[in-house]
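Residues per chain, in single letters:
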Amino acid sequence: MCLGIPGQVAELVAGNDHLAKVSVAGVRRIINVGLLEDEPPVVGDWVLIHVGFAMAKIDEEEAERAMEGLRLMGQAYTDEVEALRQSRIEEVASP
Amino acid sequence: MKFVDEYRDPVAARALVRRITELAGDGHFKFMEVCGGHTHTIYRHGIEHVLPESVELVHGPGCPVCVIPMGRVDDAISVAGQAGVIFTSFGDMMRVPGSQGNLLEAKARGADVRFVYSPLDALRLARDNPDRQVVFFAVGFETTAPSTALTLLKARADGVTNFSVFCNHVTIVPPIKAILESPDLRLDGFLGPGHVSTVVGNRPYRFVPARYGKPLVTAGFEPLDILAAVAMLLTQIHDGRCQVENQYTRCVRDEGNPRALAAIAQVFELRPHFEWRGLGFISQSALKLRPEFEPWDAEARFEIPGVRVADPKACQCGEVLKGVIKPWECKVFGTACTPQTPIGTCMVSSEGACAAYYNFGRLHREAAVTLGRAAQPAAAG
């Protein structure tokens with residue numbers, strides 16, 4: 001829960017400027033990027049994700065280093081990615 | 001230097017250790033890492049064995065799962081057991097023991113307890129189950145509080161009325177202050193938390209040097225980050241400076257994330273006081289929903305027992321959380337209390353000092369002792 005996971009913005013969700021599809025460790029999921037509104041992310045940007053929300057923009061090198069650190073955490077990391085895999089945030093966005 | 005070879009940049013790591021050793025000289029310096037993520041890195045990478053004996057790292061209260069008192073877990077289980085409720089929680093909280101077992105056991109007894117990745121997943125469950133009451137067990141420092149805040153704003157905007165939050169969000173500054181006020185511990189400085197600082201920034205820590213005369217360096221999560229931050233703390237002391245510095249500029253800005261802070265301020269207000277496991281009641285240290293969000297406040301919607309429960313006598317999580325003792329000094333560590341059968345919270349979360357030490361540090365420490373013993377005859381010869 002406290003683990004920030006780096007993800008790369010793959011697609012901005014049309015019609016909802018708070019949502020973006022990101023790629024995280026091979027998983028594609030919708031996350032909320034509303035907290036980055038002061039500098040809206042574009043496709044290709046890296047963000048640090050906590051519980052489905054992007055909290056900060058980071059550069060690619062930091063993303064790689066953060067991911068490497070997470071992999072070393074073993075079980076805690078796999079649990080977090082598995083939790084993300086099961087997340088269905090996009091269904092909240094639909095009316 | 002066995003562990004250093006495993007670091008991303010062993011040359012830089014060696015240089016930092018040399019610098020730290022020089023700066024520390026004959027002194028003895030005790031620094032607290034506030035954040036559970038740092039504790040994990042320190043044990044995972046054997047940093048305590050890489051540092052010279054003149055520098056000691058003690059673990060702080062920065063694991064939000066670890067600081068939730070038993071009574072609040074009991075309250076959660078009580079709400080989960082009420083008719084028509086779907087109770088949702090982050091996975092980390094599922095195994096935290098209350099006085100009558102944990103949430104997983106409540107689920108086994110028939111309560112509808114589900115684990116979610118995000119509060120938005122809990123909100124989705126509420127939409128999908130309009131005839132049920134969906135409650136989200138909100139825990140965490142300012143790292144996760146903005147997510148809960150935005151989810152509540154979404155619930156209100158969309159008129160979702162069968163969704164509520166059992167709020168246990170805590171704030172990072174009051175426990176640091178409580179530790180600085182504690183007579184138990186003499187500290188020479190702090191490694192400031194990483195991810196929570198992406199939200200709050202570095203400014204809230206200014207009181208640490210200003211009022212208590214201790215330096216604080218916000219640090220990243222790699223072994224090199226920890227070593228660099230320790231070197232920065234020692235440099236400040238060596239130069240006679242005392243200030244807040246940022247080692248983790250890759251992620252943390254001085255002003256934090258203003259939007260996230262604004263979301264927190266819009267939805268939450270400070271509780272007059274909140275009980276922290278091991279630290280007792282700390283005033284203005286936790287968040288509750290503002291009155292205008294009462295329809296989404298589980299504490300207003302449900303009967304909450306709110307009974308204070310003392311920690312098990314054998315458990316010394318409180319002293320571990322304050323850095324007064326190391327995990328292995330607890331009477332039940334590794335015997336009655338293990339990650340499989342945790343008695344205390346510090347053994348539950350992967351970021352808890354006891355679990356991190358049990359999983360990694362223990363082996364490093366044993367290895368170091370063995371290597372130390374093995375090295376003695378050679379050195380003598």
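Just above, that's the structure.
What counts and how
Every chain is numbered on its own, with residues counted from 1 as its sequence reads. Both sets of labels track the order of writing: A upward for chains, 1 upward for ligands. The model is predicted, so local features are restricted to residues of pLDDT at least 70 and side-chain atom pairs to those at 80 or more, both for listing and for counting; the totals for chains, interfaces and linings are taken over all residues. Numbering of helices and strands runs from the N terminus, with a helix taken as a DSSP run of H or I at least four residues long and a strand as a DSSP run of E at least two residues long. Restricting the calculation to C-alpha atoms gives the radius of gyration, and the globule rule supplies 2.2 Å times the number of residues raised to the power 0.38. Three classes are used. A residue is buried when 20 or more other C-beta atoms lie within 10 Å of its own, exposed when 12 or fewer do, and partly exposed in between, with C-beta atoms placed from the backbone. Note on contacts: each residue gets a C-beta atom placed from the backbone, and two residues are in contact if those atoms are within 7 Å. Strand pairing is assigned whenever DSSP identifies at least 2 bridges connecting the two strands. With strands facing away from the observer, any crossover in which the path from the first strand over the helix to the second runs clockwise is taken as right-handed. Three classes are used, and their members are as follows: Ala, Val, Leu, Ile, Met, Phe, Trp, Tyr, Cys and Pro are nonpolar, Asp, Glu, Lys and Arg are charged, and the others, Gly among them, are polar.

Caption draft 1: Expanded view of the overall build of chain A. For chain A, the helix and strand inventory stands at three helices and five strands. Tracing chain A from N to C terminus, the helices and strands come up as β-β-β-β-β-α-α-α. What you see for chain A is a C-alpha radius of gyration of 13 Å, in line with the 12 Å of a compact globule of 95 residues. Residues counted as buried form 48% of the 95 residues belonging to chain A. Here the analysis covers contacts within chain A between residues at least 6 apart in sequence; of these, 44% occur between residues at least 24 apart.

Caption draft 2: Fine view of the pairing of strand E6 (residues 163–169) of chain B. Residues and elements named next belong to chain B. Among the seven residues in E6, seven count as buried, and that is most of the element. Burial of the side chains of E6 extends over both faces: Phe163, Val165, Cys167 and His169 are buried on one face and Ser164, Phe166 and Asn168 on the other. In this sheet, E6 lies alongside strand E5 (residues 133–140) in parallel orientation, the contact comprising seven bridges. Bridge pairing links Val134 to Phe163 in E6. Taken together, E5, helix H7 (residues 145–157) and E6 form a β-α-β motif whose crossover is right-handed.

Caption draft 3: Inspection of the interface of chain A and chain B at higher detail. Each partner contributes residues to the interface: chain A has 32 residues there, and chain B has 34 residues. Of the residues forming the side of chain A that touches chain B, the biggest block, six residues, is contributed by helix H2 (residues 75–86) of chain A. Here the side of chain A that touches chain B is composed, by residue class, of 16 nonpolar, nine polar and seven charged.

Don't take any of this as a statement about function, it's just geometry.
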